[in-house]
Amino acid sequence: MSINGIRFDEGWKQFYGPNLGYMLEVYETYLEDRDSVDEDIQYFFQKWGPPPVEDQEKKDSYVHTTASVPSSKQMYTVANAIKLADSIRRNGHRLANISPVEARKKEDIFAIEKFDLTEEDLKSIPREFLSPDAPEFVGNGLDAINHLRKVYTDTMAFEFKQVHDIDERNWLIKMVESGEYRPHFSPEKKKQLLEQLNKVEAFEHFLHKTFVGQKRFSIEGLDSMVPMLDDIVRESVEDGTEKILIGMAHRGRLNVLAHVLGKPYEMIFSEFHDAPNKDLVPSEGSVGINYGWTGDVKYHLGADREIKENTVNATISLANNPSHLEFVNPVVEGFARAAQDNRKKPGYPVQNKNKAMPILIHGDAAFPGQGVVAETLNLGKLKGYTTGGTVHIIANNMIGFTTVSSDSRSTSYASDLAKGFEIPVIHVNADDPEACLAVIHLAYQYRRKYNKDVVIDLIGYRRFGHNEMDEPLSTQPRLYKRIKQHDTAFMIYGNKLADENLISKETLTLMREEFLKELESQFEKIKSKKREKIDEVMQPPTYVETNLEGMETKVSHDLLKRINKELLQFPESFNVFPKLEKILKRRTGVFEKDGYIDWALAETLALASIVHEGTPIRLTGQDTERGTFSQRHLVLHDHETDEMYSPIHAMESANASFAIYNSPLSEMACVGFEYGYNVHAPETLTIWEAQYGDFSNGAQVIFDQFISGGRAKWGQKSGLVLLLPHGYEGQGPEHSSGRLERFLQLAAENNWHVANLTKSSQYFHILRRQAKLLGKDEVRPLVIMSPKSLLRNVTVASPPTDFAEGKFHPVLLQKGLGNNPDTVERIVLCSGKIAVEIEEVIEKENYPDWIQVVRVEELYPFPAKEISKIKREHTNAKEWVWVQEEPMNMGAWHYVYPYLKEFASEGMEVKYIGRPRRSSTAEGDPKAHKKEQERIIRTAISSENEGRD
């Protein structure tokens, strides 16, 4: 037993079971030789003495009194009995009846003879030694062992040994062994539960019969999950939870939508019958059923349900989810954290962990199989990501598509991954609905008390194949022969209630017939309403198609100067690292004559001015507090004490929260989390920064399935900002490319903006533009290929007037060029760092008059209006040349080529200059990189060289 787990102010009452046995042994050692015991333990014994006198009558054979001590035989017997009790606690799950269709091993691993015990030995031991929290009917040690066997090997099984916190583990053991977690099931409650199971099963049967051959991903075999969800929603709302946020894949989703979210049967039937009811489909963004302009299949859609009963006002939300199963997990966690955070005051947001509760429903193959699960579990206790505990339910039908468990995981249970995160695991037989409600109550109480994750492994089966058109007998014949003969949860529970004389068996038939009639009447409403016309265009709303022009983002010179001054005022007691302080203090003179603002300061001023205007900000990523390239320093560390301080928090002019956190070494879960946070808190400027843009491809599923297409599929708006450090600087294939081409390939319907900027003022204005979009219909994500070496390049710095009087420009022309447009023969278009490098060489060339360099700062939406204007001004241009540092099959070339071809006049050439097509993003040899970079720039500005068509 860990000394760190002893609470010195609570005395002996904190110990029971194996912990008590251990302490008794230590106490005997203490009596014999005090110095052989740890000093902290000596202090405990000195303070509290022997075990309490009130228990003495029950323990007088084993607990030290005035002069006597237990014999060695008695101590040996007690030790063996405690080992037996502890073995049942630890290993009871191995014998538990937790699978409806698979028998467990029959070997009795808890036979008392194996522990050198007899029934008489156990009868002589007080029950308090073995199960101090057992109910009163447990009279002695033998009763206690039998009680433990019943508790730990029935239709519920518990794994708590991985919970290292002694207080938590003791609480869990107490709840289980006392039975306190079990709800009271009155006759009325049992009948209500039976009716729930009837509706769950009958709904599936009706769909199966009415819409033959259509996919629905039936819940059958895990029917008890619906009443479980219903109970935890009710209990949490009664406790004051305002938001219940659910994430799940497609298995059982339609049933959950109908019976937990309250989605009308009529609407579900209309989706099967191809008769969408427009009166039931709300407009984009409203509370209800989520739907975009291109839409999604019915078993991916989410919904919201408002609960308004007496003083209760809460919302249940089921998140939209693609077929990528577990990838919704971090999105839901982001929803929950956003719902818990109060962002109205300066500093970090104030979190109320019980204001919202996430529930994640997993697949048994996906939980150990998909890495995003582990990434999301790892967020659970991190200050920037914790949501005060998630209730996880593994919808365990013991198969993944056609792959059995032995082929899909290396662990005994689907839930074993969770044990590495010290999460308690509860297994339960899905055919025992009362047990299912008991464990969901225990899970909720644990989460409420400790604000930590808990996992329920709901073990059932899958009545049909992966979808209703599959034939599982072809791949699992023996299993599905058993399943075919196995009664449903409704029938099993109904027969149980009939045996208890609570209902008659005829009642089961009547219940089913009545509910099927109700479903039939709902179906009749839409039966004759097939669609006459299919919307082939599926056009986005007008406000989505709108380009963002005319938005004012400038900030007055005086306000910027004031904010800058506030940011450089550190507390007197705070010791800034001397080297860093010198760097920061250089910023004091930037608003004087001839001052320039570099990239990092431009960002800081943008963020600070946004907070000043009352818009909260959340900025996260790997090393984001300092910045990967030691450029940001928005969190300072005291040089002497390690105390942390953020200048934006202390600004007198701040009017909203500013959250900045270093993230774990994860992309998928972190990007998903930030996406979810932004969707649920649309008024918050949410920014995720990759350590290097190359690493963002670890979140590709989130980019593909959620951020780029979420609005078109589900009407789910987002204003998330992605900062992806990008630029070819000879650092090799994994530190060069933010994979610009992938974001441009996914760009359509104004689903996001993609920028590659060359001026600090441009960055300032585009961030402020994004903040002004938040909460508006026109909002969309922003993807920025952020700089690395350009962070400290003086060419990129901008004068204060560009911040106080300027705005964002989708296109910039190279200063010093094009003074006489009639002489321009080549128009070079480029984006990002290569444009700055071209500028530096052109300065040395004394600005040749036959070339004009056009910096495309915002690649998507393509700045057609600005490019068209440039074309009109350069009527003698003979060629349009696109220059990039990325290989030809990467970067923006394939995206911009059709646009440039369209703009080119008859006879005008459109050429490419850059690296040839490559399978890898960049050279590994820095010298080879340098040589290739020089070739690209020289070719771009030399009249003798030609590009590739």
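What you see is a predicted model, and the numbers here were worked out from it, not measured in a lab.

1. A few points about empty space enclosed by the protein
Here is step 1: Tallied over the entire structure, the rule returns 8 cavities of 30 Å³ or more.
Here is step 2: Forming the boundary of the largest cavity are 13 residues, of which Leu 567, Leu 584, Arg 587, His 633 and Pro 647 lie nearest the centre.
Here is step 3: Within the residue set of the lining of the largest cavity, elements represented by two or more residues are helix H23 (557–567) and helix H25 (599–612).
Here is step 4: Tallied by class, the residues present in the lining of the largest cavity amount to 8 nonpolar, 3 polar and 2 charged.
Here is step 5: Empty space within the second largest cavity amounts to approximately 80 Å³.
Here is step 6: In terms of lining residues, the second largest cavity is bounded by Trp 599, Glu 603, Phe 629, Gln 631, Arg 632, Glu 689, Leu 723, Pro 725, Tyr 763, Ser 786, Pro 787 and Leu 791.
Here is step 7: Taken together, the residues of the lining of the second largest cavity sort by class into 7 nonpolar, 2 polar and 3 charged.

2. Observations regarding the environment of Lys 106
Here is step 1: Considering the arrangement of structural elements, one finds Lys 106 in the loop between helix H4 (72–91) and helix H5 (119–123).
Here is step 2: Between the C-alpha atom of Lys 106 and that of Pro 800, which follows or precedes it by 694 residues, the distance is 79 Å.

3. Observations concerning unusual backbone geometry
Here is step 1: With omega at -5°, the peptide bond leading from Tyr 860 into Pro 861 counts as cis.
Here is step 2: Secondary-structure assignment places Pro 861 in the loop between strand E24 (858–860) and helix H33 (864–873).

4. Observations concerning the nonpolar core
Here is step 1: If you look at the biggest cluster of nonpolar residues, it comprises 118 residues, and the most contacted ones within it are Leu 130, Phe 158, Met 225, Phe 269 and Ile 393.
Here is step 2: Of all the elements, helix H18 (residues 433–450) adds the most residues to this core, at 11 residues.

5. Overview of the confidence of the model for the protein chain
Parts of the model with low pLDDT should not have their predicted coordinates read in detail.
Here is step 1: For the protein chain, the mean per-residue pLDDT works out to 90, and 94% of the residues sit at or above 70.
Here is step 2: In this model residues 53–67 is a low-confidence stretch, pLDDT under 50, and it forms 28 contacts with partners more than four residues away in sequence or in other chains.
Here is step 3: In the predicted structure, residues 278–289 sits below a pLDDT of 50 and forms 24 contacts with residues beyond four places in sequence or in another chain.

6. Focus on the sheet that holds strand E21 (residues 811–813)
Here is step 1: The strand order E21-E23-E22-E25-E26 describes an open sheet built from 5 strands, whose pairing is mixed. Either end of the sheet is taken by a strand with one partner, and the two such strands are E21 and strand E26 (909–915). Across the sheet, the axes of successive neighbouring strands diverge by a mean angle of 25°, strand direction being ignored.
Here is step 2: Examined bridge by bridge, E21 and strand E23 (residues 851–856) share 3 bridges and lie antiparallel to one another. Note on E23: the bridge partner recorded for Val 811 is Val 856.
Here is step 3: Those strands touched by helix H34 (residues 893–903) are strand E22 (826–830), strand E25 (879–887) and E26, and its axis lies near 165° from that of E26.

7. A short note on the packing of helix H13 (residues 329–340) against helix H15 (residues 371–378)
Here is step 1: Orientation of H13 relative to H15, taken along the N-to-C sense of each, is 25°, at an axis distance of 9 Å. By the angle between their axes, H13 is roughly parallel relative to H15. Contact with H13, carried on its side by Asn 329, Pro 330 and Glu 333, involves Val 372, Val 373 and Thr 376 of H15 and no other residues of that element.
Here is step 2: A breakdown of the residues in the contact of H13 with H15 according to their chemical character gives 3 nonpolar, 2 polar and 1 charged.

8. With respect to the pattern of salt bridges
Here is step 1: Counting across every chain of the model gives 47 salt bridges.
Here is step 2: Of the charged contacts in the structure, one is a salt bridge between Glu 271 and Lys 263, with a shortest N-O distance of 3.0 Å.
Here is step 3: Assessed through its relative accessible area of 3%, Lys 263 is described here as buried.
Here is step 4: Several salt bridges share partner residues, and in doing so they unite Lys 189, Asp 231, Arg 234 and Glu 238 into one network.

9. Considerations on the side chain of Ser 609
Here is step 1: Here Ser 609 lies in helix H25.
Here is step 2: Under the relative-accessibility criterion, Ser 609 is labelled buried at 1%.
Here is step 3: In this structure the side chain of Ser 609 is engaged in a polar contact, spanning 2.8 Å, whose partner is the backbone oxygen of Ala 606.
Here is step 4: Those residues within four positions of Ser 609 in sequence are excluded, and the remaining contacts are Val 555, Ile 563, Phe 764 and Arg 768.

10. Brief notes about the packing of aromatic side chains
Here is step 1: Throughout the structure, instances matching the rule amount to 38 aromatic pairs.
Here is step 2: Ring centres 6.2 Å apart and planes at 40° place the aromatic pair Trp 171 and Tyr 446 in the tilted group. Pair noted here: Trp 171 is in helix H8 (residues 166–178) and Tyr 446 is in helix H18, with a separation of 275 residues, a long-range link. This pair shows no difference in class: Trp 171 is buried, exactly as Tyr 446 is.
Here is step 3: Plain terms: the ring middles of Phe 574 and Tyr 645 are 5.3 Å apart, the flat faces sit at 45° to each other, and that makes the pair tilted. A residue pair is termed long-range when its members are at least 10 positions apart, and Phe 574 in the loop between H23 and helix H24 (578–585) and Tyr 645 in strand E15 (residues 644–645) qualify at 71 residues.
Here is step 4: Among the aromatic residues, ring-to-ring pairing joins Phe 203, Phe 206, Phe 211, Tyr 265, Phe 269, Phe 272, Phe 515 and Phe 523 into one connected group.

11. A short note on the environment of Ala 922
Here is step 1: Within the secondary structure, Ala 922 is located in the loop between E26 and helix H35 (926–941).
Here is step 2: Residue contacts for Ala 922: discarding those within four places in its chain leaves Tyr 728, Gly 732, Pro 733 and Ser 736.

12. A short note on helix H10 (residues 225–238)
Here is step 1: Helix length check: H10, at 14 residues, gives a terminal C-alpha distance of 20 Å against a target of 20 Å (1.5 Å per residue), a fit within 8%.
Here is step 2: When you tally the buried positions in H10, you get 11 out of 14 residues, the bulk of the element.
Here is step 3: For H10, every residue scored as buried is listed here: Met 225, Val 226, Pro 227, Met 228, Leu 229, Asp 231, Ile 232, Val 233, Glu 235, Ser 236 and Val 237.
Here is step 4: Of the residues one or two after H10, Gly 240 is the one with positive phi, at around 105°.

13. Regarding the sheet that holds strand E19 (residues 753–755)
Here is step 1: One open sheet accounts for 7 strands, arranged E16-E13-E17-E18-E20-E19-E24; its pairing is mixed. Lying at the two open borders of the sheet, with one neighbouring strand each, are strand E16 (658–662) and E24. Direction aside, the axes of adjacent strands within the sheet are offset by 20° on average.
Here is step 2: The pairing of E19 with strand E20 (residues 782–784) spans 3 bridges and is classified as parallel. Paired with Val 754 across the two strands is Val 783, which belongs to E20.
Here is step 3: In the packing of helix H30 (residues 760–773) onto the sheet, contacts are made with strand E17 (685–689), strand E18 (721–723), E19, E20 and E24, and the angle to E20 comes to roughly 160°.

14. Comments concerning the packing of H23 against H25
Here is step 1: At a minimum axis distance of 10 Å, the contact between H23 and H25 shows a crossing angle of 100°. In this view, H23 runs roughly perpendicular relative to H25, as classed from their interaxial angle. Two secondary-structure elements touch here, H23 through Leu 559, Leu 560, Ile 563, Asn 564 and Leu 567 and H25 through Leu 601, Thr 604, Leu 605, Ala 608, Ser 609 and His 612.

About the thresholds
- Residues numbered from 1 in each chain as written.
- Predicted model: local features only at pLDDT ≥ 70, side-chain atom pairs only at ≥ 80, totals over all residues.
- Heavy atoms only, no water.
- 1 Å grid on protein atoms, 1.4 Å probe; cavity = no way out; pocket = protein on both sides within 12 Å on 5 of 7 lines; lining within 4 Å.
- Points joined across faces, edges and corners; volume = space filled by probe spheres on them.
- Helix = DSSP H or I, 4+ residues; strand = E, 2+ residues; numbered from the N terminus.
- Nonpolar A, V, L, I, M, F, W, Y, C, P; charged D, E, K, R; others polar.
- Core = buried A, V, L, I, M, F, W, Y, C linked by side-chain atoms within 4.5 Å.
- Buried < 20%, exposed > 50% of the residue type's maximum accessible area, 1.4 Å probe, protein only.
- pLDDT = per-residue confidence, 0-100.
- Contact = heavy atoms within 4.5 Å.
- Pairing = 2+ DSSP bridges.
- Axes fitted to C-alpha atoms, helices over the stretch in contact; angles between N-to-C directions.
- Parallel < 35°, antiparallel > 145°, perpendicular 65-115°, else oblique.
- Salt bridge = Lys/Arg side-chain N within 4 Å of Asp/Glu carboxyl O.
- Polar contact = N/O pair within 3.5 Å; in protein donor to acceptor, adjacent residues only side chain to side chain.
- Phe/Tyr/Trp six-rings, centres within 6.5 Å; stacked < 30°, edge-to-face > 60°.
- Expected span 1.5 Å × (residues − 1).

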